[in-house]
Amino acid sequence: MLISVRALLMLLLLQYIGPALSQPYPNYHADFVDIDHRRTEPKWWQTGAFYQIYPRSFKDSNGDGVGDLNGIADRLPYLKELGITATWLSPIFSSPMADFGYDIANFTEIAPIFGTMSDFERLMKTAKQLDMKIILDFVPNHSSDECDWFKRSVAGEAEYKDFYVWHAGRMVNGTRQPPSNWLSVFRGSAWEWHETRKEYYLHQFLKKQPDLNYRNPKVRETMKNVLRFWLAKGVAGFRIDAVPSVFEIAPDAAGQYRDEPRNDWVNDPDDYGYLQHIYTVDQPETLAMVYEWRAVLDEFKDGDERILLAETYSPIDIVMQYYGNATAEGAQLPFNFLLITEISNKSNAVDYAQTIQKWLQHMPQGRTANWVLGNHDQSRVGSRLGADRVDMLNMLITTLPGASVTYQGEELGMTDVWISWKDTVDPSACNTNASIYEHFSRDPERTPFQWSGDADAGFSNASKTWLPIAGDYKQVNVDQERQQPQSHLNIYKDLLQLKRTEKTMQLGNIEVKALSGAVLAVKRFRENDFTYVTLLNIFDGFETVNLNQSFSDLTAQMKVVLVSGNSKRKVDDLIDSSSLQLLPKESLILRSTSTYYTYYVNGEHRKLPVLGIYLVLAQVALYLNYCQVLALNRRW
């Protein structure tokens, strides 16, 4: 009889423990269905952490004040320490540097200021040893006017005569004028008269960057061979620069180009925004060209898949076409700039949620998302959205599905540096004047990387660096932040570690919700695995949220996995899911305290914590044992 009493007590005890540790009891007569919807392992790039290096500003190895390839190779272990999958290098090719490498004189040579081909091969070898990938910048729209192709085109050589976009212009009242009203991104007419050839050439950027003529098959094949040259050297792929500009509309039957219409809200006739660019960007032939470039990459079947990352700020419906169509593959990752173009300091949680959903809802089925916070053309995150939001934004792009893209220094919280007119070197600004240059300059986000508190932030030992060093380099640098457990750097490393090790973060489903005007929540979940919730308090007020009101299938308590630098919480703290207070601009990543199994009741899909399953099985076993004891007692 003693045995039966003990069994009964244990059974009663479990009746109280079960509801506390699991969900309310379902129908235990239901059949448990262990359905594992796990996809195959993601490809290397699908959950990759990409890191942009601006070579001039990363690490100077020879004391000339400019970063170089050997400096990058020497510091690749730092990127490995971060957990970076692949690094994209801004142009390293031979160039007169009118636009700091985006004006290429030879597409298959290394610029001497960055090193030699042997230095590049050393970099590739180092990357392979570290199991990291190198992605190069492919600049297809134009070359330098010092490129041999352009010189031969000017001379009228048959093979190169139509390598660029030339036009005799139009006569107006007896005066020769440019072929159209098209404007350069860098201000003024996009047409430049060439006295030797006696024609205008098109340059959508600097006049030292003449546009290649992609309506010429020889140009298309030549640029494909540029890709093949670097692919044969082992690069993992390319970031395609200024993709929308590759094709412009063809001349009409009379050989003339049409003028673009005005934008009424811009009054400066030299400003690029003065016109609506309906004939010079986003032409349908450009999409087909990207598909052809992808086919070139697919020729290289040795090793891992080679990839394309496409730079385009086009409307969302056009951007999505860069992924490919029903018959052709395109860029694996058309850059998602929505967090740059649609989010500002004033954006609330609803704005964030809508911006994230905009990409996910437009993205074709089976494609991979990506999230970009900054690059060498955009004000740094810490300056654009606030230094006190650096951790939360890094948390956001790392816990959203797909790949993340980080511009060098954003992991440290580097901010823009004010550059005087005298020290300004960016052609975008230099083409203006001292009163307005700051609105156009990209120099502030391109200043040298901050490695240490030593002279020149450990970037160089030169007497002068190519751009000034930030004034806060003694506080914001790699050496300093390595020593601080809750620094931006260490939080960033922990984020990439979480992404690398947790399948839910790699393959899980997603729900994105604004819990209030201030609090954004991202839930990642997956069958038979932990559920994660990322919480961002975007503004300066205290916020209390009830996660159970917004999300189903959360455990009663959630465990803290990561916190922002301003949080008072500790990793492994347990938090009540129904009542959680967030500090101003605090961000957290929480994890369920149990994983879940799927079961069905009358066709209804439900979930139960794994611990709950064990409790149910224990109750069944005890109940059977109790019945057995009762039967024995009757015999006695």
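An unreviewed UniProt entry lists the chain under the name alpha-glucosidase, with Drosophila virilis as the source organism. UniProt, in the comment section headed Sequence similarities (unreviewed entry), describes the chain in these words: "Belongs to the glycosyl hydrolase 13 family." Under the Catalytic activity (unreviewed entry) heading, UniProt states for the chain: "Hydrolysis of terminal, non-reducing (1->4)-linked alpha-D-glucose residues with release of alpha-D-glucose."

A. Region of the structure containing the overall build of the chain. In terms of regular secondary structure, the chain is built from 17 helices and 25 strands. When the 636 residues of the chain are sorted by exposure, 57% land in the buried category. For the chain, contacts bridging at least 24 residues in sequence account for 68% of all contacts bridging at least 6. Summed over all atoms, the accessible surface of the chain reaches about 26,700 Å², with 51% contributed by carbon and sulfur.

B. Structural detail: the pairing of strand 2 (residues 86-89). Side chains Ala-86 and Trp-88 project from strand 2 onto one buried face, and the interleaved Thr-87 and Leu-89 project onto a second face that is buried too. Pairing geometry for strand 1 (residues 49-53) and strand 2, over 4 bridges, is parallel. The partner of Gln-52 across the bridge, within strand 2, is Trp-88. After leaving strand 1, the chain enters helix 2 (residues 69-82) and then returns to the sheet as strand 2, a path that is right-handed. Here strand 2 runs beside strand 5 (residues 133-138); their pairing, made up of 4 bridges, is parallel. Each bridged residue has a counterpart across the sheet, and for Thr-87 the counterpart in strand 5 is Ile-134.

C. Looking closely at the sheet that holds strand 2. Ordered by their spatial adjacency, 8 strands build an open sheet running 13-12-11-5-2-1-15-14, and the pairing between neighbours is parallel. The open sheet has two edge strands, strand 13 (333-334) and strand 14 (370-372), and neither has a second partner. The strands touched by helix 5 (residues 217-232) are strand 5 and strand 11 (237-240); relative to strand 5, the strand with the most contacts, the crossing angle is about 160°.

D. Highlighting the sheet that holds strand 17 (residues 519-525). Taken together, the 6 strands give an open sheet; going across it, the order is 16-17-18-23-20-21, and neighbouring strands pair in antiparallel fashion. Both edges of this open sheet fall to strand 16 (509-514) and strand 21 (574-576), since each of them pairs with a single strand only. This sheet shows a mean twist of 30° between the axes of neighbouring strands, independent of strand direction. Here strand 20 (residues 557-563) runs beside strand 23 (residues 587-592); their pairing, made up of 5 bridges, is antiparallel. What sits directly across from Val-563, in strand 23, is Leu-588. Against the sheet, helix 9 (residues 349-362) contacts strand 16 and strand 17, and its axis sits at roughly 150° relative to strand 16.

E. Broad picture of unusual backbone geometry. One non-glycine residue, Asn-173, lies in the positive phi region at around 50°. Its place among the elements puts Asn-173 in the loop between strand 7 (170-172) and strand 8 (175-177). In the Ramachandran plot, Asp-553 falls in the positive-phi region, its phi being about 65° despite a non-glycine side chain. Summarising the element assignment, Asp-553 is placed in the loop between helix 16 (547-550) and strand 20. Given a relative accessible area of 24%, Asp-553 falls into the partly exposed group.

F. Focus on the environment of Val-139. With respect to the helices, strands and loops of the structure, Val-139 is situated in the loop between strand 5 and helix 4 (148-154). With 102 residues separating them along the chain, Val-139 and Asp-241 place their C-alpha atoms 5.0 Å apart.

G. Geometry of the environment of Lys-128. Mapped onto the fold, Lys-128 is located in helix 3 (residues 117-129). Separated by 106 residues in the primary sequence, Lys-128 and Gly-234 have C-alpha atoms spaced 9.4 Å apart.

H. The arrangement of the pattern of salt bridges in detail. Scanning the model with the defined rule gives 41 salt bridges in all. Of the charged contacts in the structure, one is a salt bridge between Glu-221 and Arg-228, with a shortest N-O distance of 3.1 Å. Arg-228 sits in the partly exposed class, given a relative accessible area of 22%. One salt bridge in this structure joins Arg-294 and Asp-298, with 3.1 Å as the shortest N-O distance. Pair noted here: Arg-294 and Asp-298 are both in helix 6 (residues 284-298), with a separation of 4 residues, about one helical turn. Given the relative accessible area of 7%, Arg-294 is considered buried. According to the relative accessible area criterion, Asp-298 is partly exposed, its value standing at 28%. When salt bridges with common partners are traced through the structure, they connect Lys-43, Arg-294, Asp-298, Glu-305, Glu-329 and Arg-367 into a single cluster.

I. Representation of the packing of aromatic side chains within the structure. Inspection of every chain in the model, using the stated rule, returns 34 aromatic pairs. For the ring pair Tyr-54 and Trp-466, a centre distance of 6.2 Å and an interplane angle of 35° mean the geometry is tilted. Placement of Tyr-54 in the loop between strand 1 and helix 2 and of Trp-466 in the loop between helix 12 (427-430) and helix 13 (478-482) is noted, with a sequence separation of 412 residues between them. Take Tyr-54: its relative accessible area is 1%, and that puts it in the buried class. Considering the side-chain rings of Trp-166 and Tyr-201, the 5.7 Å spacing of their centres and the 70° angle between planes classify their relative orientation as edge-to-face. Taken as a pair, Trp-166 in strand 6 (residues 166-167) and Tyr-201 in strand 10 (residues 199-202) lie far apart in primary sequence, 35 residues in all. Feature note: the residues Phe-107, Trp-149, Phe-150, Tyr-160, Phe-163, Tyr-164, Trp-166 and Tyr-201 constitute an aromatic cluster, connected by ring pairs.

J. Broad picture of the environment of Ser-144. Following the sequence through the fold, Ser-144 ends up in the loop between strand 5 and helix 4. For the pair Ser-144 and Ile-104, spaced 40 residues apart in sequence, the C-alpha separation works out to 4.8 Å. The residues touching Ser-144, leaving out its near neighbours within four places in the chain, are Pro-96, Asp-103, Ile-104, Ala-105, Phe-150, Lys-208 and Pro-210.

K. Inspection of the nonpolar core at higher detail. Ranked by internal contacts, the top residues of the largest apolar core, which has 84 residues, are Tyr-78, Leu-79, Phe-120, Leu-136, Phe-238 and Trp-293. For this core, the two domains that each supply at least three residues are domain 1 (49-141 + 216-490) and domain 2 (148-202). Ranked by size, the runner-up nonpolar core spans 29 residues in total, among them Tyr-352, Met-363, Ala-369 and Ile-538.

L. Structural view of the packing of helix 2 against helix 14 (residues 488-501). Contact pair helix 2 / helix 14: the axes reach a minimum separation of 8 Å and the direction vectors enclose 65°. Contacts between helix 2 and helix 14 pair Tyr-78, Glu-81 and Leu-82 from the former with Leu-489, Tyr-492, Lys-493, Leu-496 and Arg-500 from the latter. Here the residues of the contact of helix 2 with helix 14 are counted per class, giving 5 nonpolar, no polar and 3 charged.

M. Structural view of the pairing of strand 15 (residues 403-407). The element strand 15 is extensively covered by neighbouring structure, given that 5 of its 5 residues are classed as buried. Burial along strand 15 is two-sided: the residues Ala-403, Val-405 and Tyr-407 and Ser-404 and Thr-406 are all buried. Pairing of strand 1 with strand 15 involves 4 bridges; the strand directions are parallel. Within strand 15, the residue paired with Phe-50 across the bridge is Val-405. Where strand 14 meets strand 15, 3 bridges bridge the pair, whose relative direction is parallel. Looking at strand 15, one finds that Asn-370 is bridged to Ala-403.

Cut-off values and rules
- Residues numbered from 1 in each chain as written.
- Predicted model: local features only at pLDDT ≥ 70, side-chain atom pairs only at ≥ 80, totals over all residues.
- Heavy atoms only, no water.
- UniProt positions renumbered as here; feature names shortened; annotations may be inferred.
- Helix = DSSP H or I, 4+ residues; strand = E, 2+ residues; numbered from the N terminus.
- Buried < 20%, exposed > 50% of the residue type's maximum accessible area, 1.4 Å probe, protein only.
- Contact = heavy atoms within 4.5 Å.
- Areas by Shrake-Rupley, 256 points an atom, 1.4 Å probe, with all protein chains shown as cover.
- Pairing = 2+ DSSP bridges.
- Right-handed = clockwise from strand over helix to strand, strands pointing away.
- Axes fitted to C-alpha atoms, helices over the stretch in contact; angles between N-to-C directions.
- Salt bridge = Lys/Arg side-chain N within 4 Å of Asp/Glu carboxyl O.
- Phe/Tyr/Trp six-rings, centres within 6.5 Å; stacked < 30°, edge-to-face > 60°.
- Core = buried A, V, L, I, M, F, W, Y, C linked by side-chain atoms within 4.5 Å.
- Domains from an automatic or database assignment.
- Nonpolar A, V, L, I, M, F, W, Y, C, P; charged D, E, K, R; others polar.

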